[in-house]
Amino acid sequence: MQLHRADVVDGAIAILDGYGLADLTMRRLAASLQVQPGALYWHFPNKQALLGAVADRILTPMDDPVTTADWPDQLTELAHRLRDCLLAYRDGAELVSATYASRLTTSKGRERMVSAVLRAGMPRQEAESTAYTLLYYVLGHTVDEQSRIQMDSAGALPETTSPLDETTNPTARFDFALNLFVGGIRHLLGTHAR
């Protein structure tokens, strides 16, 4: 059986979901694919490149069309879509955050956020900063959310601090800050109009 690049990424995602990012090693991946570790390097020069490809796969839904033309709704939709992508995989937020930091992902999600605020009339440099700020907010919030969910499922959190408690709603917390963020953009755009 010939090993393809997509097979390697699929295998890495299976390990990520089953064991977490810390246990996603080239040796474990090779064993799960029933190949020698060297076979993986035919498709990826190193583990970091593999993680970039896994991040790209996780972020594939970011390429789907947005469902609205209004810039605030586009930003909100893209932020929620990014959060959903990250939460869909165990340690997804941590992996994507690391690949963004090392510039290994090729996802165009941030660029789509830039486009939304450019259409609102924001200058390019501010639009770039706005998109990075939103990206970092979503990544940070979701890393925290995902970590707390995993800690709770392992019984490592007292019940009063459980993220799964009915009184705690991570989506409501996410939306509150997202609304503050969009309101700040509106304010900034208003100061440009003066």
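Residues numbered from 1 in each chain as written. Predicted model: local features only at pLDDT ≥ 70, side-chain atom pairs only at ≥ 80, totals over all residues. Heavy atoms only, no water.

The name given to the protein chain in an unreviewed UniProt entry is TetR/AcrR family transcriptional regulator C-terminal domain-containing protein, with Nocardia bovistercoris as the source organism.

## Things to note about the environment of Tyr-132
This is how the line gets drawn: For helices the rule is a DSSP run of H or I covering at least 4 residues; for strands it is a run of E covering at least 2, with both sets numbered from the N terminus onward.
Its location among the elements puts Tyr-132 in helix α8 (residues 124–153). Each C-alpha atom of the pair Tyr-132 and Met-113 lies 8.7 Å from the other, and the pair is 19 residues apart in sequence.

## Quick look at the nonpolar core
For clarity, the cut-off: Nonpolar cores are built from buried Ala, Val, Leu, Ile, Met, Phe, Trp, Tyr and Cys residues. Side-chain atoms within 4.5 Å join them into one set. Whether a residue is buried, partly exposed or exposed follows from its accessible area with a 1.4 Å probe, protein chains only, as a fraction of its type maximum: under 20%, in between, or over 50%, in that order. The criterion used for residue contact is that any of the two residues' heavy atoms lie within 4.5 Å.
Counting residues in each nonpolar core, the largest one holds 51 residues, and the members touching the most others are Val-54, Leu-95 and Val-96. Elements with a contribution of two residues or more to this core: α1 (5–19), α2 (26–33), α4 (47–58), α5 (71–87), α6 (92–101), α7 (109–119), α8 and α9 (170–193). In terms of residues, this core owes the most to one element, α5, which gives 7 residues. With sequence-adjacent residues up to four places away left out, Leu-95 is seen in contact with Leu-16, Leu-21, Leu-51, Val-54, Ala-55 and Ile-58.

## Describing the packing of α5 against α7
Test applied: Angles here are taken between N-to-C directions and fall from 0 to 180 degrees, while the axes themselves are lines fitted to C-alpha atoms, restricted in helices to the stretch in contact. Our angle categories are set so that under 35 degrees counts as roughly parallel, over 145 as roughly antiparallel, 65 to 115 as roughly perpendicular, and the remainder as oblique. Left-handed describes a crossing whose near helix is turned anticlockwise from the far helix through less than a right angle; right-handed describes the clockwise counterpart. By the convention adopted, Pro, Cys, Tyr, Trp, Phe, Met, Ile, Leu, Val and Ala count as nonpolar, Lys, Arg, Asp and Glu as charged, and the other residues, Gly among them, as polar.
Taken N-terminus to C-terminus, the directions of α5 and α7 make an angle of 165°; their axes are 9 Å apart at the nearest point. When the interaxial angle is binned, α5 and α7 end up roughly antiparallel. The element α5 and its partner α7 pack so that their crossing is left-handed. Every residue of α7 that contacts α5 at Trp-71, Gln-74, Leu-75, Leu-78, Arg-81 and Leu-82 is listed here: Arg-112, Met-113, Ala-116, Val-117 and Arg-119. In terms of residue class, the contact of α5 with α7 is built from 7 nonpolar, 1 polar and 3 charged.

## Let's talk about unusual backbone geometry
A positive phi angle, close to 60°, is found at Gln-34, a residue other than glycine. You can see Gln-34 is positioned in the loop between α2 and α3 (37–40). A positive phi angle, near 60°, is found at Arg-103, a position not held by glycine. In this structure, Arg-103 sits in the loop between α6 and α7.

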